[in-house]
Amino acid sequence: KWSNNNTWGGSLPPQPGFSVHILPGQHILVDQSVGPLKLIVVEGTLEWEDQGPEAELTLDAHYILVRGGHVIIGTEDKPYTSKLTITMHGNKEDPHLDTYGNKVFAVREGSVDIH
């Protein structure tokens, strides 16, 4: 789980301004609000835990790159019932990721499932 220190090698979960790399084969269940982070690279799986219709979580980042990985926010068989607000931060002066630009949620050879 995102909130579990063991997920992060015994350290606290990523703090505001950090960058995160979800490695191939790694599956992280997000159980709390995240960010604002600088960069999230997903090569494994990043999945949001449904906490019921009363729960409200946020994801704040400058760049999100799903590169061969998967972002899962609910499934067709089990739709996500919590509220998740994704906010991308930045402005036109921020550094650009080649091909994608800035303030971006990009997917390259991966998938984003939202149900």
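This text follows the structure it describes.
The structure reproduced in this document is the subject of the present report. (Residues numbered from 1 in each chain as written. Predicted model: local features only at pLDDT ≥ 70, side-chain atom pairs only at ≥ 80, totals over all residues. Heavy atoms only, no water.)

So, the sheet that holds strand β4 (residues 45-48)
Basically, it comes down to this: In this description, strands pair whenever DSSP reports at least two bridges between them. What counts as a helix is a DSSP run of H or I of at least four residues, what counts as a strand is a run of E of at least two, and both are numbered from the N terminus. Fitting a line to C-alpha atoms yields each axis, with helices limited to the stretch in contact; the angle taken between N-to-C directions then spans 0 to 180 degrees.
Taken together, the four strands give an open sheet; going across it, the order is β2-β4-β6-β9, and neighbouring strands pair in parallel fashion. Bordering the open sheet on either side are β2 (27-30) and β9 (111-114), each of which pairs with just one other strand. Adjacent strand axes in the sheet meet at a mean angle of 10°, parallel and antiparallel pairs treated alike. Sheet topology note: the strand β6 (residues 70-73)/β9 ladder contains four bridges and is parallel. Note on β9: the bridge partner recorded for Val71 is Val112.

Overview of a nonpolar patch on the surface
Put simply, the rule is: Exposure above 30% relative accessible area and no salt bridge define the residues that can form patches, which grow by joining like charges within 9 Å and nonpolar side chains of Val, Leu, Ile, Met, Phe, Trp and Tyr within 5 Å. Calculation of accessible area relied on Shrake-Rupley with a 1.4 Å probe; when residues are assessed, cover is drawn exclusively from the protein chains displayed. We define a salt bridge as a side-chain nitrogen of Lys or Arg found within 4 Å of a carboxyl oxygen belonging to Asp or Glu.
Taken together, Ile86, Phe105 and Val107 make up a surface patch of nonpolar side chains, about 210 Å² in accessible area. Position of Ile86 among the secondary structure elements: in strand β7 (residues 83-88).

Focus: the side chain of Asp31
The cut-off we apply is this: Classification of residues uses two cut-offs on accessible area relative to the type maximum, computed with a 1.4 Å probe and protein chains only: under 20% is buried, over 50% is exposed, and between them is partly exposed. Charge assignment: positive for Lys and Arg, negative for Asp and Glu; neither His nor the chain ends contribute. Two residues form a contact once any of their heavy atoms are found within 4.5 Å.
Within the fold, Asp31 resides in the loop between β2 and β3 (34-42). Summary of buried charges: Asp31 has no salt-bridge partner, and the nearest side chain of opposite charge, Lys1, is 4.5 Å away. Residues in contact with Asp31, not counting those within four places in the same chain, are Lys1, Trp2, Ser3, Glu49, Gln51 and Leu57.

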